[in-house]
Amino acid sequence: IQDTGWEAGAKELRSLLSAMGVKVNSIPGCMPDHGEATSCGRASLNIMLRPEFCRRTAKVLENMSGSESLRPSMGAPIGYGATRSFVIEIAETLDLDPSRALEIIDRDERSVRRVLMNFDRLPLGLHAKGFSVDGESSTVYPLVRWMHGTFGMAPRKIACTDTEYSDEIAEYVAEAGFDEPI
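Treat the numbers as computed from the prediction; the structure is a model and nothing was measured.

Novice: Teacher, can you tell me more about the overall build of the protein chain here?
Specialist: Scanning the protein chain for helices and strands turns up eight helices and four strands. Secondary structure elements of the protein chain occur, N-terminal to C-terminal, as α-α-β-α-β-α-α-α-β-α-β-α. When the 182 residues of the protein chain are sorted by exposure, 40% land in the buried category. Within the protein chain, contacts between residues separated by at least 24 positions form 60% of all contacts whose residues are at least 6 apart in sequence. Carbon and sulfur atoms make up 52% of the accessible area of the protein chain, which totals about 10,700 Å².

As structure tokens, this is what we get:
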């Protein structure tokens, strides 16, 4: 597993989804126990956090149980914008109210912004600085949006190991007015 913080991430996602009344049966890529792994087929919705790794699994689950699969439009829930979008898309698909989960996200963002803004030059020191990112497109896409949108940083080089979110990345970068760094 490349994401060394996956346990904290899984716990946070479970908490946000629970705030909407969603029970998470399993997070297959995060080393589920036997009970969690076998409960995958009972899900009302299969959420593809990293579709570049799980499209085939999602298709098998769809065929076996008839459960729908969701590909988050902004990639993995990394950063506040992508996490909000993730919560809203799940709520819309399951016809749930996302307000409690969105309140949690908003509260956390306000807290982090206060900390960042207390460092005199940190946000300004990053503005217009270049960055490069290399990885799976479901991670790269929300990172590019977050680094540019939050800190005003400029993508200089973007490399993806797959093409899952390549169109979305190219569109975002073009709309932001950057030469294509992909």
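Novice: Hey, could you run me through the side chain of Ser85 in this one?
Specialist: Structurally, the position occupied by Ser85 is in helix α4 (residues 80-94). The exposure class of Ser85 is buried, given its relative accessible area of 13%. Within the local environment of Ser85, its side chain forms a polar contact with the side chain of Glu89, the two groups lying 2.8 Å apart. With residues up to four places along the chain from it excluded, the contact list for Ser85 reads Ser73 and Met74.

Novice: Would you explain the nonpolar core in this entry?
Specialist: Across soluble globular proteins, nonpolar side chains have a tendency to be buried as a group. Within the largest apolar cluster, 19 residues are counted, with the highest numbers of intra-cluster contacts made by Leu17, Met20, Phe86, Val87, Ile90, Ala101 and Ile105. Residue assignment for this core shows that the elements contributing at least two residues are α1 (6-18), α4 and α5 (99-117). Aside from chain neighbours lying at most four places away, what touches Ile90 is Leu17, Met20, Leu45, Ile47 and Leu70.

Novice: Even after reading the chapter, I still don't get α1, so can you show me in this structure?
Specialist: Look at α1: 18 Å from first C-alpha to last across 13 residues, which is about the 18 Å you get at 1.5 Å a residue. For α1, the set of buried residues is Trp6, Ala10, Leu13, Leu16 and Leu17. Down the axis of α1, the buried set is contained in an arc of 130°. They therefore lie on one face. Set apart from the buried face of α1 by more than 90 degrees, the exposed residues are Glu7, Ala8 and Lys11. Where α1 is buried, its residues meet β1 (45-47), α4 and α5.

Rules behind the numbers
- Throughout this document, residue positions are counted from 1 along each chain, in the order its sequence is written.
- Under the rules for a predicted model, residues below a pLDDT of 70 receive no local features and side-chain atom pairs below 80 are neither given nor counted, while totals for whole chains, interfaces and linings still include all residues.
- In computing side-chain values, all of the structure's heavy atoms are included and hydrogens and water are not.
- Each helix corresponds to a stretch of at least 4 residues labelled H or I by DSSP, and each strand to a stretch of at least 2 residues labelled E; elements are numbered beginning at the N terminus.
- The classification of residues rests on relative accessible area computed with a 1.4 Å probe and restricted to protein chains. Under 20% of the type maximum is buried, over 50% is exposed, and intermediate values are partly exposed.
- Contacts are assigned to residue pairs with any non-hydrogen atoms lying within 4.5 Å of each other.
- For the area figures, the Shrake-Rupley method with a 1.4 Å probe applies, and any residue is considered shielded solely by the protein chains shown.
- Any pair of nitrogen or oxygen atoms within 3.5 Å is treated as a polar contact; in protein, a donor-acceptor pairing is required on top of that, and neighbouring residues in sequence qualify only through side-chain atoms on both sides.
- Here, nonpolar core refers to any group of buried Ala, Val, Leu, Ile, Met, Phe, Trp, Tyr and Cys residues whose side-chain atoms link them within 4.5 Å.
- Take the residue count of a helix, subtract one, and multiply by 1.5 Å to get its expected span.
- What the arc measures is the spread of directions leading from the helix axis to the C-beta atoms.

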